[in-house]
Amino acid sequence: MTVRRRVPEGFRDVVGVLESWRDGMLRVRRRDGTVVEFEEAAMVAAKVVPDPPTR
């Protein structure tokens, strides 16, 4: 998925796999393995991104 979230500098996108959405907090794991946690209230937009085609 991709999520646009509000940060103090403006907006920032995160692309990855949604690991959890609980108690107003989202956890998204990026391809490099890092996890981004942010409050639901900071989310501006989100959409599902399909998996890349297998080679």
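The model shown is predicted, which means the values in this text are computed figures rather than measured ones.

A. Quick peek at the overall build of the protein. Counting its regular elements, the protein contains 0 helices and 6 strands. Principal-axis analysis of the C-alpha atoms gives the protein an extent of 40 × 25 × 20 Å. Across the 55 residues in the protein, those meeting the buried criterion constitute 22%. Once local pairs closer than 6 in sequence are excluded, the contacts in the protein between residues at least 24 apart make up 32%. Accessible surface, the protein as shown: approximately 4,500 Å² in total, 51% of it carbon and sulfur. One way to put it: in the protein the 11 positive side-chain charges average out to a point 6 Å from where the 9 negative ones average out.

B. A look at the pairing of strand β3 (residues 17-22). With 5 bridges connecting them, β3 and strand β4 (residues 25-29) associate as antiparallel partners. Pairing of Val17 across the sheet is with Arg29, part of β4. The turn linking β3 back onto β4 is made up of 2 residues, and Asp23 within it adopts a positive phi angle of 55°.

C. Highlighting the environment of Asp13. Within the secondary structure, Asp13 is located in strand β2 (residues 10-15). Among the residues examined, Asp13 registers a relative accessible area of 37% and is labelled partly exposed. Separated by 31 residues in the primary sequence, Asp13 and Val44 have C-alpha atoms spaced 9.8 Å apart. Residue contacts for Asp13: discarding those within four places in its chain leaves Val3, Arg4 and Arg30. Among the polar contacts listed, one links the side chain of Asp13 to the side chain of Arg4, at a separation of 2.7 Å.

Thresholds applied
Residues numbered from 1 in each chain as written. Predicted model: local features only at pLDDT ≥ 70, side-chain atom pairs only at ≥ 80, totals over all residues. Heavy atoms only, no water. Helix = DSSP H or I, 4+ residues; strand = E, 2+ residues; numbered from the N terminus. Buried < 20%, exposed > 50% of the residue type's maximum accessible area, 1.4 Å probe, protein only. Contact = heavy atoms within 4.5 Å. Areas by Shrake-Rupley, 256 points an atom, 1.4 Å probe, with all protein chains shown as cover. Lys, Arg positive; Asp, Glu negative; His and termini not counted. Charge placed at Lys NZ, Arg CZ, Asp CG, Glu CD. Pairing = 2+ DSSP bridges. Polar contact = N/O pair within 3.5 Å; in protein donor to acceptor, adjacent residues only side chain to side chain.

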